[in-house]
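In case you want the letters, here they are:
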Amino acid sequence: MPKVLPEAELLVIGVTSPLLVGVYIDGSLVRSYEKDEKASKALPEVFHDVRYRYDLKAIYYAKGPGSFMAIKVTYVMAKTFCIALNIPLFGADAFLFNGNRPIKAIGQSCFVKKGGKITIERGGCPGEPAIFELPQRLVRKKFSTRSEPLYILPAV
């Protein structure tokens, strides 16, 4: 008789290092992964492990802003996984996972969110550096089916 896997949802925060991945059952965090490697190395390992432990029903992810390459790799891998498993992909901006603190951008600039608008500020990031955390509860209504990456690039 085949083993019945518990139904779960996955949340990936891959906008900066470390990469954070949470497994949620009935909306509650039941397992977490924290990887200091690049997303291109860490995500396949985590997805492989999760795939054989859980019956995934959806993937949620922080779609940006943050590291351009980390966002791109996270999106491509999550989207591919969702297509292969025929499950939905949902996205939310990364400020949801760091208490709305500034997020490091290129050089001496950072991404900030004020009044619902995300911009780049130059001259250093005010306050504490952005520390990302997996929420204990997955609040689905804070995510959108518009899961395309949120690339905010500075003018060259």
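For clarity, every value in this text was computed on a predicted model and none was experimentally measured. (Residues numbered from 1 in each chain as written. Predicted model: local features only at pLDDT ≥ 70, side-chain atom pairs only at ≥ 80, totals over all residues. Heavy atoms only, no water.)

Talk me through the side chain of Glu9; I want residue IDs and the actual numbers.
Mapped onto the elements, Glu9 comes out in strand S1 (residues 7-13). Reaching out from Glu9, the side chain makes a polar contact with the side chain of Tyr60 at a distance of 3.0 Å. If near-sequence neighbours (up to four positions away) are discounted, Glu9 is found in contact with Gly22, Val23, Tyr24, Leu56, Ala58, Tyr60, Leu138 and Arg140. (Helix = DSSP H or I, 4+ residues; strand = E, 2+ residues; numbered from the N terminus. Polar contact = N/O pair within 3.5 Å; in protein donor to acceptor, adjacent residues only side chain to side chain. Contact = heavy atoms within 4.5 Å.)

Tell me about the pattern of salt bridges, residues and numbers included.
A complete count under the given rule lists eight salt bridges for this structure. Residue Arg31 is joined to Asp49 by a salt bridge in which the shortest nitrogen-to-oxygen separation is 3.7 Å. Taken as a pair, Arg31 in strand S3 (residues 28-35) and Asp49 in helix H1 (residues 39-53) lie far apart in primary sequence, 18 residues in all. What makes Arg31 partly exposed here is its relative accessible area of 28%. Judged by relative accessible area, which is 22%, Asp49 ranks as partly exposed. Put simply, Lys114 and Glu121 hold a salt bridge, and the shortest N to O gap is 2.9 Å. Overall, Lys114 belongs to the exposed group, its relative accessible area being 57%. The exposure class assigned to Glu121 is partly exposed, which follows from its relative accessible area of 25%. One salt-bridge network, in which partners are shared between bridges, spans Glu7, Asp55 and Lys57. (Salt bridge = Lys/Arg side-chain N within 4 Å of Asp/Glu carboxyl O. Buried < 20%, exposed > 50% of the residue type's maximum accessible area, 1.4 Å probe, protein only.)

Can you tell me about the side chain of Asn98, naming the residues and giving the values?
With respect to the secondary-structure elements, Asn98 resides in the loop between strand S5 (89-92) and strand S6 (103-104). The class of Asn98 is buried, set by a relative accessible area of 2%. Here the side chain of Asn98 touches Asn100 through a polar contact of 3.0 Å, landing on its backbone nitrogen. Leave out the neighbours within four places in its chain, and Asn98 touches Ile103, Ala130, Ile131 and Phe132.

Function-wise, these values are silent; they only describe arrangement.
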